[in-house]
Amino acid sequence: MQACGGSYNRETRHKYYISGPQWAAAYTGHALFHAPTRPEIGFGEVMRKYGEIGIRYWTTHDTDVIPTDALGTERQTEIVNRIKAALAANDMQCSMVTAETFHHAVWAASPAAESPEVREYAKFRLRNTVDIGHDLGATFAVYWPGSLGYYVQGAIDELATLRWYAEGLNAACDRDLEIAKKLGRPPLKHCLEAKPFEPQAEILLPTSDAMLAFIGSGLLTHPEMVGLNPEYLHELMWGAAPRAALARALLAGKLFHFDINDGYRLKHDVDIGVALVNPLDWLNVLVLLRTHGYNGPFNLDYKPPRTTSQFGVFEVSFPTAVDRFITLWEMAGEVSCDPIIQQATGALKAGGGVADPRDAGAVARANRELLTLHELIAHRLFQILIGQHRGRTFLW
Ligand code: GCO
Ligand code: MN
Ligand code: MN
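Residues numbered from 1 in each chain as written. Chains lettered and ligands numbered in written order. Predicted model: local features only at pLDDT ≥ 70, side-chain atom pairs only at ≥ 80, totals over all residues. Heavy atoms only, no water.

Attention shifts here to the sheet that holds strand 10 (residues 298-299). The parallel open sheet is built from 8 strands, whose spatial order is 8-6-4-3-2-1-10-9. Looking at which strands have only one partner, the edges of the open sheet turn out to be strand 8 (226-228) and strand 9 (258-259). Where strand 1 (residues 18-21) lies against strand 2 (residues 57-61), 3 bridges are found, and the strand directions are parallel. Of the residues in strand 2, the one forming a bridge with P21 is T59. (Pairing = 2+ DSSP bridges. Helix = DSSP H or I, 4+ residues; strand = E, 2+ residues; numbered from the N terminus.)

Next up on the list: the state of the cysteines. Scanning the model with the defined rule gives 0 disulfides in all. A disulfide-free cysteine, C191 has its sulfur positioned 10 Å from the sulfur of C173, the nearest such atom. In this structure C191 comes out as buried when scored by relative accessible area, which is 0%. (Disulfide = S-S within 2.5 Å. Buried < 20%, exposed > 50% of the residue type's maximum accessible area, 1.4 Å probe, protein only.)

Moving on, we get to the pattern of salt bridges. Counted according to the given criterion, the structure contains 18 salt bridges. K123 is paired through a salt bridge with E167; the nearest N and O atoms lie 4.0 Å apart. Taken together, the residues K123 in helix 6 (residues 116-136) and E167 in helix 7 (residues 158-183) connect sequence positions 44 residues apart. Under the relative-accessibility criterion, K123 is labelled buried at 16%. Overlapping salt bridges, with partners in common, bring together E45, R48 and E52 in one network. (Salt bridge = Lys/Arg side-chain N within 4 Å of Asp/Glu carboxyl O.)

A separate point is the pairing of strand 2. Within strand 2, 5 of the 5 residues are buried, which leaves the element mostly enclosed by the surrounding structure. By the alternation rule, side chains of strand 2 split into Y57, T59 and H61 and W58 and T60, which are all buried. Across 5 bridges, strand 2 lies against strand 3 (residues 93-98) in parallel orientation. The partner of Y57 across the bridge, within strand 3, is Q93.

So, about the packing of helix 3 (residues 43-53) against helix 12 (residues 310-336). Put simply, helix 3 and helix 12 touch, their axes get as near as 11 Å, and they point 55° apart. Between helix 3 and helix 12, the interaxial angle falls into the category oblique. At the point where helix 3 passes helix 12, the crossing takes the right-handed sense. Only F314, F318 and P319 of helix 12 make contact with helix 3, whose side of the interface consists of K49, Y50 and I53. Of the residues contributing to the contact of helix 3 with helix 12, the split by class is 5 nonpolar, no polar and 1 charged. (Axes fitted to C-alpha atoms, helices over the stretch in contact; angles between N-to-C directions. Parallel < 35°, antiparallel > 145°, perpendicular 65-115°, else oblique. Left-handed = near helix turned anticlockwise from the far one by under 90°. Contact = heavy atoms within 4.5 Å. Nonpolar A, V, L, I, M, F, W, Y, C, P; charged D, E, K, R; others polar.)

Below, the discussion takes up the site of ligand 1. By nearness alone, 14 residues border ligand 1, and H61, E193, E231, D269 and D301 come closest of all. Here an oxygen atom of ligand 1 and a side-chain polar atom of D259 are 3.1 Å apart. Separating an oxygen atom of ligand 1 from a side-chain N or O atom of D269 is a distance of 2.6 Å. Protein contact buries 94% of the 330 Å² of open area that ligand 1 shows by itself. The residue inventory of the shell around ligand 1, partitioned by class, reads 4 nonpolar, 3 polar and 7 charged. (Near = heavy atom within 4 Å. Polar contact = N/O pair within 3.5 Å; in protein donor to acceptor, adjacent residues only side chain to side chain. Areas by Shrake-Rupley, 256 points an atom, 1.4 Å probe, with all protein chains shown as cover.)

A few words now on the coordination of the manganese ion (ligand 2). Coordination sphere of the manganese ion (ligand 2), protein contribution only: E193 (OE), E231 (OE), D259 (OD) and D301 (OD), at 2.0 to 2.2 Å. Summarised as a motif, the one-chain spacing of the donors to the manganese ion (ligand 2) is E-x37-E-x27-D-x41-D. A gap of 4.6 Å separates the manganese ion (ligand 2) and the manganese ion (ligand 3), which E231 links by coordinating each metal. Taken together, the positions of E193 in the loop between strand 6 (189-192) and strand 7 (202-203) and D259 in strand 9 put the pair 66 residues apart, joining distant regions of the chain. Its relative accessible area of 5% is what places E193 among the buried residues. Taking the relative accessible area as the measure of exposure, D259 reaches 1% and is therefore buried. (Donors = N, O, S within 2.8 Å, 3.2 Å for Na, K, Ca; no water.)

Encoded structure:
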């Protein structure tokens, strides 16, 4: 790390709305074909390390920190009080809470199962997560539905399942309005997160676009309270251009929260550190978000590689992820005011200067060379990415 140099200090890292998930830091290296490689750690240790690094915000699933059988009991209150103390001790704030509706056996048929008692339990969990969120001072609640889908044909009625899922969200929003009023706090921003391929074979809401349609379907009693938490990799996985998926969310006014990481198209959810696979695309994504005024959190939802110990997780994995994000965010600012890119986009917008826009041949001819500026812009972005625009040279 010392040899790499160029890392930001804690104060600089504090200026960005970057959040560290409990589950990312506590990830033990396990997966379907992988046994754990690291010991478990609790929220006290995670916050101490995040605090040292300069990650200001913390996010958590309910069951990352509260055992399932303690949810809604006095033990929950006691744990939440300890979390508050640990946040304060490490100069951190809780920005987001999320309900785990995928891991426990109770979710085998999803939180919107046919069985009414599963759905009642799901409502309890979602309402309880809203309670925890207000108690911890959070701004956002995220829902990744998990098992909302099926493995075998004919297993579920899709329409009924989606209606039932909406009932769960409605219960969360109703509870939120009630508590927010009582506490004099603004209601939480509720964010749906899509993932296309896992953990079921077929997913009912596989993409952010599907979720936008769901939000607008008329099933939600408070659609204005519900938006999106897209994850970069989850959009890439199904073959989308993440930048375009984010643009659609922005147009709809629904880009509330953003999970940042990286990976590959049409592969499983590898959750690699931000920009380690697609740095140029990441730069572009941040140009889009800066240009259009996104001011929500950037949540480091990735898995530090299982090849490292906890030493590597906190000495290398998290600080480098934070610093790559900051560097790219600052570069994105540079892109927005780069004179060459400004000239090129200005020229593109001015058009080819054809007098008669009904003459297809003349319009095509006038725009042909103009459109070569698209490639010039791409080249300039690459130069900015590698620092060549500042005179950096490569001699051999
Ligand atoms: C994943 C998901 C999760 C969610 C989390 C929040 O990659 O499995 O992105 O990490 O972000 O469950 O609800
Ligand atoms: Mn995520
Ligand atoms: Mn993921």
